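Residue-level listing of the chains:
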Amino acid sequence: MQVCVIGTGYVGLVTGVCLAQIGHQVICVDNDAQKVKLMQSGQSPIFEPGLAQMMAANMEAGRLEFTADLRVGVERGEILFIAVGTPALPSGASDTRYVEAVARGIGQHLNGGYKVIVNKSTVPIGSGDWVRRIVLDGVAEGNSEHTNFDVVSNPEFLREGSAIYDTFNPDRIVIGSSSERAIDLMQQLYAPIVTRQFAQYPDLPPVPVLVTDLTSAETIKYAANAFLATKISFINEVSNICDRVGADVTLVAQGIGLDTRIGHKFLQAGIGWGGSCFPKDVSALVHTATDYGYDAQLLKSTIETNRQQRLIAVEKLQQVLKILKGKTIGLLGLTFKPDTDDLRDAPALDLIDRLTHLGAKVKAFDPLISSARSHPDLTKITLTTNAEDLAMGCDALVLITEWQEFQLLDYTHLASLMERPTIVDGRNYLDAVALTNAGFDYIGIGRPR
Ligand code: UGA
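Definitions and cut-offs
Residues numbered from 1 in each chain as written. Predicted model: local features only at pLDDT ≥ 70, side-chain atom pairs only at ≥ 80, totals over all residues. Pairing = 2+ DSSP bridges. Helix = DSSP H or I, 4+ residues; strand = E, 2+ residues; numbered from the N terminus. Near = placed C-beta within 6 Å. Nonpolar A, V, L, I, M, F, W, Y, C, P; charged D, E, K, R; others polar. Domains from an automatic or database assignment. UniProt positions renumbered as here; feature names shortened; annotations may be inferred. Contact = placed C-beta atoms within 7 Å. Buried ≥ 20, exposed ≤ 12 C-beta atoms within 10 Å, placed from the backbone. Right-handed = clockwise from strand over helix to strand, strands pointing away.

Taken in spatial order, the 6 strands make up an open sheet running 11-10-9-12-13-14, and their pairing is parallel. Of all the strands in the sheet, just strand 11 (382-383) and strand 14 (441-443) have a single pairing partner and so form its edges. Bridge count between strand 10 (residues 361-365) and strand 11: 2 bridges; the pairing is parallel. Bridge pairing in strand 11 places Lys363 opposite Thr382.

Turning to the site of the ligand, a few remarks are in order. Taken together, 20 residues lie near the ligand, and Glu160, Gln268, Trp273, Gly275 and Cys277 sit nearest. When residues of the shell around the ligand are assigned to their parent elements, the largest contribution, 3 residues, is made by helix 9 (residues 214-245). When grouped by side-chain class, the residues that make up the shell around the ligand number 10 nonpolar, 6 polar and 4 charged. Split by domain, the shell around the ligand shows at least three residues from each of two domains, domain 1 (2-212) and domain 2 (222-308).

Another point: the UniProt feature "binding site: NAD(+)" (unreviewed entry) in the protein. The UniProt entry lists Asp30, Lys35, Thr86, Thr122, Glu160, Lys280 and Arg344 under the feature "binding site: NAD(+)" (unreviewed entry), expressed in the numbering used here. Across 315 residues in sequence, these annotated residues place their C-alpha atoms as far as 24.7 Å from one another, rather than forming a single compact spot. Position of Asp30 relative to the elements: it lies in the loop between strand 2 (25-29) and helix 2 (33-40). With near-sequence residues (within four places) excluded, Asp30 lies in contact with Gly7, Thr8, Lys35, Val36 and Ala68. Thr86 gets classed as buried once you count the C-beta atoms within 10 Å, which come to 22.

Right, let's talk about the pairing of strand 9 (residues 328-332) for a bit. Of all the 5 residues making up strand 9, 4 are buried; the element is thus mostly covered by neighbouring parts of the structure. Direction of pairing for strand 9 relative to strand 10: parallel, over a ladder of 5 bridges. In the sheet register, Ile329 faces strand 10, and the bridge partner there is Val362. Running through helix 14 (residues 347-357), the crossover from strand 9 to the neighbouring parallel element strand 10 is right-handed. Of the strand pairs in this sheet, strand 9 and strand 12 (residues 396-399) are connected by 4 bridges, and their pairing is parallel. Across the sheet, Gly330 pairs through a bridge with Leu397, a residue of strand 12.

Right under this line is the structure:
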């Protein structure tokens, strides 16, 4: 099928590359000419394991191309994905101006046959009908007669760092539309994924496809992220109770997770959730609820618990080091999760802010963050290029991101570089016994010392 993906941010680029991989003819559009040039030269503007190689292979096979010209993309695609950003406004609402510009542009360039316009971006609930009207405005502006299209909501559920795996091994595919024709085309588009032709376990039953109305599909996206964020805030709250009563949250999580109604996933206590999705989406859902006259108290608590949890390491450092002014704290990791170079709304940034406010010096080592220029908050800290330089002269280390390589560090050596070796394991990721044997005062989250 002929597919056009508009917006080559995280979601757009992964979607475009993966749809090409399953055999579709894909053209990706972005209004950033520099970025398009970069992609045309075969380079990925984002870091995602396996993406650059898959991108190159599909360009080579002639199934994937890039353009800065929206007209070319719209004319060529029979399925048009809108995958531009919907960043959070200060109010917590989503900024939909990029979606609006693209919808208008699509309308202006609509041509020929029937098209399916797919909202892949996480758009505010109710956007499907709104996009339809904006496209029609664009059609009128373009003096065109072509109104042969339907709008579909098709939320994505992929995670940064495992985006390709998630795309080919999804738990479900959600298609929101009232048009049989559009639903049918979307089912054809995803058939190779539904039948697990690219899956790790091809013998599993087909991927469930849930067909809903537009608004329900849009709400599913927000509800899924809000539920996952709530699950994490819940276990983080339990970890704070564990700290006080002397229980171990990792065992508690194991014990409750064995109940299949609860499940094990997303019960890792730590320094809180971050990234470009959970913070934005939970706030947007609260905002939508407020707009419709409902006070979403549980979701507000999910956010508040997370805000406090992000500073839990400060509390733990104060318990051991007392005064933080003049002390040096070394952060192992900065990104909001491993296998990404993404610092958006990373808990590390709040921690840095608080520690520097308290007069501590902050150093950090992250395998994928090499330049302080990449984020203004990082200009307050010293970045090192390895764990030894990080540990040297530090009063305490804090593990922020569970990078696999951090499990393999020589902690005995690191301890020898510190006067009173202390480590706060902000993700309960390291082996407490091994760290203690290496000479560290090991402090987990919600775990007895
Ligand atoms: C999240 C969802 O998991 C995806 O399903 C969704 O498609 C995506 O948002 C999106 O809306 O685009 P992502 O933000 O990439 O994916 O990252 P997650 O793996 O979900 O982690 C989010 C945050 O929660 C991270 O900071 C992580 O450290 C934290 N987390 C996760 C925990 O603190 N504990 C856990 O048990 C799991």
